[in-house]
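For reference, the chains in residue letters:
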Amino acid sequence: MKKWILCAVFLSTLPVAAEPGEDFGKVQGGKVGVDIHIGVNQASTGALVHITQGLAINPYVLYYNYEANSTDSSYSTSGTQYFGGGAFLPFYLFRVENLHIKFMPGFSYAKGTQVDSSSSAGNREVATTRINFQIFLGLQYALSKHLHIIGETGLNYNQYKASDPVQGSYTTKLWNLYSGNIGLVFYFN
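Residues numbered from 1 in each chain as written. Predicted model: local features only at pLDDT ≥ 70, side-chain atom pairs only at ≥ 80, totals over all residues. Heavy atoms only, no water.

## Quick word on the overall build of the protein
Using the following cut-off: Only DSSP runs of H or I covering at least 4 residues are called helices, and only runs of E covering at least 2 are called strands; the numbering of each starts at the N terminus. With a 1.4 Å probe rolled over the protein chains alone, any residue whose accessible area is under 20% of its type maximum counts as buried; one over 50% counts as exposed, and the rest are partly exposed. Note on contacts: a residue pair qualifies if any of its non-hydrogen atoms lie within 4.5 Å across the two residues. Working definition of accessibility: Shrake-Rupley area with a 1.4 Å probe, residue cover restricted to the visible protein chains.
Summing up its helical and strand segments, the protein has 1 helix and 10 strands in all. Scanning the protein from its N terminus toward the C terminus, one meets helices and strands in the order α-β-β-β-β-β-β-β-β-β-β. Counting every position in the protein, which comprises 189 residues, the buried fraction comes to 34%. Considering only contacts within the protein whose residues lie at least 6 apart along the sequence, 56% involve residues at least 24 apart. Working note: accessible area of the protein is about 11,300 Å², and carbon and sulfur atoms make up 66% of it.

## Examining the pairing of strand β9 (residues 147-164)
For clarity, the cut-off: Any two strands with at least two DSSP-identified bridges between them are counted as paired.
Two strands pair when backbone bridges link them, and β9 and strand β10 (residues 168-187) are joined in this way by 17 bridges, in the antiparallel orientation. Note that in β10 the partner of D164 across the bridge is G168. Counting the residues in the hairpin turn of β9 and β10 gives 3 residues.

## Observations concerning the pattern of salt bridges
Note on pairing: side chains with opposite charge can pair once their charged atoms come close. Note the following rule: Each salt bridge in this description consists of a side-chain nitrogen of Lys or Arg and a carboxyl oxygen of Asp or Glu lying within 4 Å of one another.
Under the definition given, this model contains 1 salt bridge. E152 is the partner of K102 in a salt bridge, and the nearest nitrogen-oxygen pair spans 3.8 Å. Of this pair, K102 sits in strand β7 (residues 99-118) while E152 sits in strand β9, and the two are 50 residues apart along the sequence. Each of the two residues, K102 as well as E152, counts as buried.

## Side note on the nonpolar core
Note the threshold: Among buried residues, those of type Ala, Val, Leu, Ile, Met, Phe, Trp, Tyr and Cys that are joined through side-chain atoms within 4.5 Å constitute a nonpolar core.
Y60, L62, Y64, Y82, F88, M104, A110, V126, F136, Y160, A162 and Y178 together form the largest nonpolar core, which totals 12 residues. For this core, the elements supplying multiple residues, two or more each, are β3 (56-66), β5 (75-88), β7, β8 (122-142) and β9. In terms of residue count, the dominant contributor to this core is β3 (3 residues). L48, Y92, I150 and V185 belong to the second-largest nonpolar core, a separate cluster that totals 7 residues.

## Here we look at the environment of L89
Position of L89 relative to the elements: it lies in the loop between β5 and β6 (91-96). Taking the relative accessible area as the measure of exposure, L89 reaches 32% and is therefore partly exposed. Between the C-alpha atom of L89 and that of A56, which follows or precedes it by 33 residues, the distance is 6.0 Å. Contacts of L89, omitting those with residues within four sequence positions, involve L55, A56, I57, F103, M104 and P105.

## What to know about the pairing of β3
Here strand β2 (residues 42-50) runs beside β3; their pairing, made up of 7 bridges, is antiparallel. Looking at β3, one finds that Q42 is bridged to Y64. Adjacent in sequence and paired antiparallel, β2 and β3 are bridged by 5 residues.

Below you can see the structure in the form of structure tokens.
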């Protein structure tokens, strides 16, 4: 009987319901942060501003480096570097505890130069422009209130324009499956 009384006293000192912990996976309107993306040959950083619980805007600046190194006996291309900017419009579709699934249409514009070498004309720089339209699916996982991990992949439409004084101007267009970005989001609030 003494054990039952001790158990009853012990159980009566425990809280009836556990207090809920902080929901650090929640994103709501007014939440502001900075994100850093690293992708294949590309890096970007930008702001992430949540307009509502299900919609955000993500403007960013980007750097893209493409090394072609295609050589033959008379012509070679050393690669292209771009600097530019763009924006995504993330729609937060679902949430499973601290994991968010989002749909992200986006656009980016970047300008750069390509260095070409030929035995007949020597070295020359070609002005280039890259325009991208993206439709991505993304995952965002909250490690804490202020730190989230992100991963994104999807379809990418790329329009590449080159303005070469020797070969003239040309444009290439390509739809491809984008291999994806990984990164971090640092929230201020």
